[in-house]
Amino acid sequence: MARPRAEHAHTAALEATLELLLSDGVEGVTLEEVAGRSGVAKSTLYRHFGTRAGLISTAARRCLVEHPTPDTGSLEGDLQFLFERFSEAEDERRINDLLPLLMDEAKRDPEIDELLSSMLAERRRPIRTVLQLAQLRGEIGEDLDLDTAMSLVIGPFTYRKLVERREVTPEFTRAVMGAAIAGLRATAGAPVR
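This one's a predicted model, so the numbers in the text were calculated from it and none came from an experiment. (Residues numbered from 1 in each chain as written. Predicted model: local features only at pLDDT ≥ 70, side-chain atom pairs only at ≥ 80, totals over all residues. Heavy atoms only, no water.)

Structural notes on the nonpolar core
Quick note on the threshold: The nonpolar core is taken to be a set of buried Ala, Val, Leu, Ile, Met, Phe, Trp, Tyr and Cys residues, with the residues joined through side-chain atoms within 4.5 Å. Each residue is assigned to one of three classes by its accessible area relative to the maximum for its type, calculated with a 1.4 Å probe on protein chains only: buried under 20%, partly exposed between the two thresholds, exposed over 50%. Under the scheme used here, helices are H or I runs from DSSP no shorter than 4 residues and strands are E runs no shorter than 2 residues, and both carry numbers assigned from the N terminus. We call two residues contacting when some pair of their heavy atoms lies within 4.5 Å.
One finds Val34, Leu45 and Leu102 to be the most contacted residues of the largest nonpolar core, which totals 31 residues. Broken down by secondary-structure element, the contributors of at least two residues to this core are helix H1 (2–24), helix H2 (31–38), helix H3 (42–49), helix H4 (52–61), helix H6 (90–106) and helix H7 (110–137). Per-element tally for this core: the top contributor is H1, with eight residues. When residues no more than four places from it in sequence are discounted, the contact partners of leucine 45 are Ala13, Leu31, Val34, Ala35, Val40 and Gly50.

Structural data, given as structure tokens:
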């Protein structure tokens with residue numbers, strides 16, 4: 001009988017943490033505030049999550065969406081599939097809002113830094129695999145460094161969101177994808193320096 005209550009408390013605490021993160025930033029997340037918003041006792045929060053960083057980490061990880069790696073037979077089709085999926089999932093939009101907040105806090109908190117690293121690795125994984133498949137098909141240069149290729153694909157979105165603080169629109173996504181794909185395909189016939 002206590003099990004459903006514990007699960008309810010766990011879920012309520014995580015939802016309250018996400019709400020606080022998105023409205024007040026990392027500094028706005030305190031165990032007192034989460035307890036007040038969720039109705040979960042601070043002692044329960046300590047028991048479930050250990051620390052404030054543990055609570056933030058668990059809440060943020062709940063938003064991670066596992067994206068299956070597509071294999072449509074073309075780089076363009078694979079990237080289009082991924083970026084459509086990225087824009088459709090509600091939790092994915094939450095991640096896009098959470099990442100900048102976590103980046104700042106990661107400079108000061110090793111636990112948040114570890115969380116950020118694992119979240120970014122999960123976000124990059126399907127894109128890296130799509131690029132590897134494109135190399136195997138000969139669509140992009142076999143010697144092209146995949147980290148550089150990922151930067152070409154992801155970099156404009158990061159700049160738009162974090163530096164310009166502007167919305168990533170479907171039109172922007174299409175323009176970036178077209179330019180990135182053209183640039184990557186150009187490496188197939190040319191030696192990479």
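That shown, we press on.
Brief notes about the confidence of the model for the protein
Here is the rule we go by: For every residue, the predictor reports its confidence as pLDDT, a number between 0 and 100.
Counting all residues, the mean pLDDT for the protein is 88, and 93% of those residues have values of 70 or more. By mean pLDDT, the top-scoring element of the protein is H2 (95), and the lowest-scoring one is H6 (81).

Description of the pattern of salt bridges
Side-chain pairs of opposite charge can arise where the charged atoms are in close proximity. This is how it is decided: The term salt bridge refers to a pairing of a side-chain nitrogen on Lys or Arg with a carboxyl oxygen on Asp or Glu at a separation within 4 Å.
Applying the stated criterion across every chain yields a total of 19 salt bridges. A salt bridge links arginine 185 to glutamate 76; the shortest N-O distance between them is 3.9 Å. In this pair, arginine 185 is assigned in helix H9 (residues 170–186) and glutamate 76 in helix H5 (residues 75–88), connecting sequence segments 109 residues apart. Classification of arginine 185 as partly exposed rests on a relative accessible area of 35%. Classification of glutamate 76 by relative accessible area gives partly exposed; the value is 42%. Of the charged contacts in the structure, one is a salt bridge between glutamate 139 and arginine 137, with a shortest N-O distance of 2.8 Å. Judged by relative accessible area, glutamate 139 falls into the buried class, the value being 15%. In the salt-bridge network here, residues are joined through shared partners; they are Asp71, Glu76, Asp78, Arg137, Glu139 and Arg185.

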